[in-house]
Amino acid sequence: MGKPTGFLEYKRELPKTIDPKERINNYKEFYEPFPLEKSKNQAARCMDCGIPFCHSGCPLGNIIPEFNDAAYKEDWKLATEILLSTNNFPEFTGRICPAPCEASCVLGINQPPVAIEHIEKTIAEQAFELGYMKPNPPKNRTGKNVAIVGSGPAGLAAAAQLNKAGHWVTVFERADRIGGLLRYGIPDFKLDKEIVDRRINLMQSEGIIFKPNSNVGFNVSVEELKEKFDAIVLAGGSTIPNDFLKNVNGRNLKGIHFAMDFLTQNNKRVAGDSIDEKEVITAKGKNVIVLGGGDTGSDCVGTSNRHGATSITQFEIMWKPDSPENGLNPVWPEWPTILRTSSSHEEGCERLWAINTKEFIGENDQVTGVKVVELEWTLPKDGSRPSFVEKTETERILPADLVLFATGFSHPKHDGVLAQLGVELNERGNVKAENYKTSVDNVFVAGDMGRGQSLVVWAIAEGRECARVVDEALMGKSLLEARDESMYMV
């Protein structure tokens, strides 16, 4: 514990952001410099609790009080070692994680919680700046070869751990660049792609082979993988979007797109790729409606603002999160159901709750509006499912030139690698697995492809755990770090 009185002396403070009117003119990360002395003070707020609930809030099991203590003492080498012992990519999670650890912080009971995510990012950036984050290839190789299908956070974490164990690792990615969701699902203003490239370059220096434009099951043979590799890890993510409104009138009008198509294309444009003018999805000068109130919807809002949208409205079918009095808000240390306002919302957006889409209106095969109705939710106290009815006389049509579906994902793509491997699927359409082992020998699964859509931090955690299981299967035992499952409530 760096400073026993730190939580009494310092208030929670985070880096200031660039003015929204200025930052929407580009796609750069928009946090102003934050003096290390202030980060040190934030680390001093950690109370080194007898029972650090932040551990159970973090899917990775980050050793938070210890790295806070090292950060307070400005021992960045030790802080880096502690952080990397549980998290392969703190520079990612320090930027894009929703920080369930902070929701579980004991100080958060009656004060703003410790700024754990910011401290994590600070340690990671100090590690790169001071040379502690450098290539560390294994001294000995096992001679075993492992194929990773998918280069998102789960695939990258599995690759890093298996390479650390001494196996030869090849990562196959269907897209033209490595990174999966990190590359094409998250806007640059939240995660600059130079940060992703920096990590990929480091992993290549450690001996990991990356093969973009390699769609296993299509232009890369599954039989070839089975023949050349001792194990295969499926980490392709949950990629089939939910289309809850597929039967709604007007669904096939032009101007209605899935969020990931919009975000992926925009990230390609930011990277300098040229897109056929006929294929460009732009919000410039348009009335934009985003269906879905989660992080992906928020990313659509921020991107639309940068395009120069005329108006942006975000729908959420659920009620507006308010006070815990409705009986559905978990209490500390669980993840709270509260109103969250993202940086994209701050840049300009109208948010509507308890709204249902009834019909898409169009002219000349182009969407021009969305017919909606307000909902009245019943929130039972006995734990049964909430229900809703439509409010009478609340139907109205909102103007819309661009509609973006940010309503989540249902399961991974089934044709291609999954079908050709013959892995068994569960009732939700995800890859069925027991302890990361699929129904096919020497084929494993990690991340959203097995657990369903989830957080980046969960994908990293699963990639790490899957790697340990693979290593054990190949070698009879594994020296890779194991996570204590008994301590987790998330």
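Residues numbered from 1 in each chain as written. Predicted model: local features only at pLDDT ≥ 70, side-chain atom pairs only at ≥ 80, totals over all residues. Heavy atoms only, no water.

Residues Ile 317, Met 318 and Phe 388 make up a contiguous nonpolar surface patch of about 230 Å² in total accessible area. Tracing the backbone shows Phe 388 in strand 12 (residues 387-390). (Patch = residues over 30% accessible without salt bridge, like charges linked within 9 Å, V, L, I, M, F, W, Y side chains within 5 Å. Areas by Shrake-Rupley, 256 points an atom, 1.4 Å probe, with all protein chains shown as cover. Salt bridge = Lys/Arg side-chain N within 4 Å of Asp/Glu carboxyl O. Helix = DSSP H or I, 4+ residues; strand = E, 2+ residues; numbered from the N terminus.)

We now examine unusual backbone geometry. Residues other than glycine seldom take positive phi values, yet Glu 74 does so here, at roughly 55°. Here Glu 74 is to be found in the loop between helix 5 (64-72) and helix 6 (76-84). Look at Ala 354: it is not a glycine, yet its phi comes out positive at around 55°. Along the polypeptide, Ala 354 turns up in the loop between strand 9 (350-353) and strand 10 (355-363).

Turning to the packing of aromatic side chains, a few remarks are in order. Scanning the model with the defined rule gives eight aromatic pairs in all. Aromatic side chains Phe 89 and Phe 92 sit 5.4 Å apart centroid to centroid with 35° between the ring planes, which places their arrangement in the tilted category. Aromatic rings pair up to connect Phe 258, Phe 360 and Phe 405 into one cluster. Lying across the ring of Trp 168, Arg 141 places its NZ or CZ 4.0 Å from the centre. A cation sits over an aromatic face here: Arg 306 above Phe 189, 3.8 Å from the ring centre. (Phe/Tyr/Trp six-rings, centres within 6.5 Å; stacked < 30°, edge-to-face > 60°. Lys NZ or Arg CZ within 6 Å of the ring centre and 35° of its normal.)

Right, let's get into the pattern of salt bridges. Counting across every chain of the model gives 31 salt bridges. Between Arg 23 and Glu 346 there is a salt bridge, with the nearest N and O atoms lying 3.5 Å from each other. One end of the pair, Arg 23, is in helix 2 (residues 20-23); the other, Glu 346, is in helix 16 (residues 343-346), and 323 residues separate them in sequence. Residue classification places Arg 23 among the buried positions, given a relative accessible area of 1%. According to the relative accessible area criterion, Glu 346 is partly exposed, its value standing at 48%. We note a salt bridge from Lys 371 to Glu 359, for which the minimum N-O separation is 3.5 Å. With Lys 371 in strand 11 (residues 366-378) and Glu 359 in strand 10, the pair connects residues that are 12 residues apart, well separated along the chain. Residue class for Lys 371 comes out partly exposed when judged on its relative accessible area of 23%. What makes Glu 359 partly exposed here is its relative accessible area of 23%. (Buried < 20%, exposed > 50% of the residue type's maximum accessible area, 1.4 Å probe, protein only.)

Bringing the packing of helix 10 (residues 153-164) against helix 19 (residues 456-475) into the picture now. The angle between the axes and the distance between the axes are what describe a pair of packed helices. Packing of helix 10 against helix 19 brings their axes to within 7 Å, and their N-to-C directions diverge by 35°. When the axes of helix 10 and helix 19 are compared, the crossing they make is right-handed. Contact with helix 10, carried on its side by Pro 153, Ala 154, Ala 157, Ala 158, Gln 161 and Leu 162, involves Val 456, Ala 459, Ile 460, Gly 463, Arg 464, Ala 467, Val 470 and Asp 471 of helix 19 and no other residues of that element. Looking at the contact of helix 10 with helix 19, its residues break down into 10 nonpolar, two polar and two charged. (Axes fitted to C-alpha atoms, helices over the stretch in contact; angles between N-to-C directions. Left-handed = near helix turned anticlockwise from the far one by under 90°. Contact = heavy atoms within 4.5 Å. Nonpolar A, V, L, I, M, F, W, Y, C, P; charged D, E, K, R; others polar.)

Counting residues in hydrophobic clusters, the biggest one holds 67 residues, and the most contacted among them are Ile 148, Leu 182, Val 233 and Val 470. It is helix 19 that contributes the most residues to this core, 11 residues altogether. Not counting residues up to four positions away in its chain, the partners in contact with Val 233 are Val 146, Ala 147, Ile 148, Val 149, Ala 158, Leu 162, Phe 444, Ala 446, Cys 466 and Val 470. Residues Val 216, Val 417, Val 443 and Met 449 belong to the second largest nonpolar core, which totals 19 residues. (Core = buried A, V, L, I, M, F, W, Y, C linked by side-chain atoms within 4.5 Å.)

Glancing now at the sheet that holds strand 3 (residues 209-211). Spatially, five strands are ordered 3-2-1-4-16 in an open sheet, and the strand pairing comes out parallel. Bordering the open sheet on either side are strand 3 and strand 16 (443-445), each of which pairs with just one other strand. Each strand axis lies, on average, 20° off the axis of its neighbour in the sheet, ignoring direction. The strands touched by helix 10 are strand 1 (145-149), strand 2 (168-172), strand 3 and strand 4 (231-234); relative to strand 1, the strand with the most contacts, the crossing angle is about 170°. (Pairing = 2+ DSSP bridges.)

Let us look at the side chain of Thr 394. Structurally, Thr 394 is set in the loop between strand 12 and strand 13 (396-399). Polar side-chain contacts of Thr 394 include one of 3.1 Å to the backbone nitrogen of Glu 374. Polar side-chain contacts of Thr 394 include one of 2.8 Å to the backbone oxygen of Lys 391. Residues in contact with Thr 394, not counting those within four places in the same chain, are Val 372, Val 373 and Glu 374. (Polar contact = N/O pair within 3.5 Å; in protein donor to acceptor, adjacent residues only side chain to side chain.)

Note: strand 10 against strand 11, eight bridges, orientation antiparallel. Bridge pairing links Glu 359 to Lys 371 in strand 11. Here strand 10 hands over to strand 11 after two residues, with Asn 364 in that stretch at a positive phi of 55°.

By themselves these figures say nothing about function.
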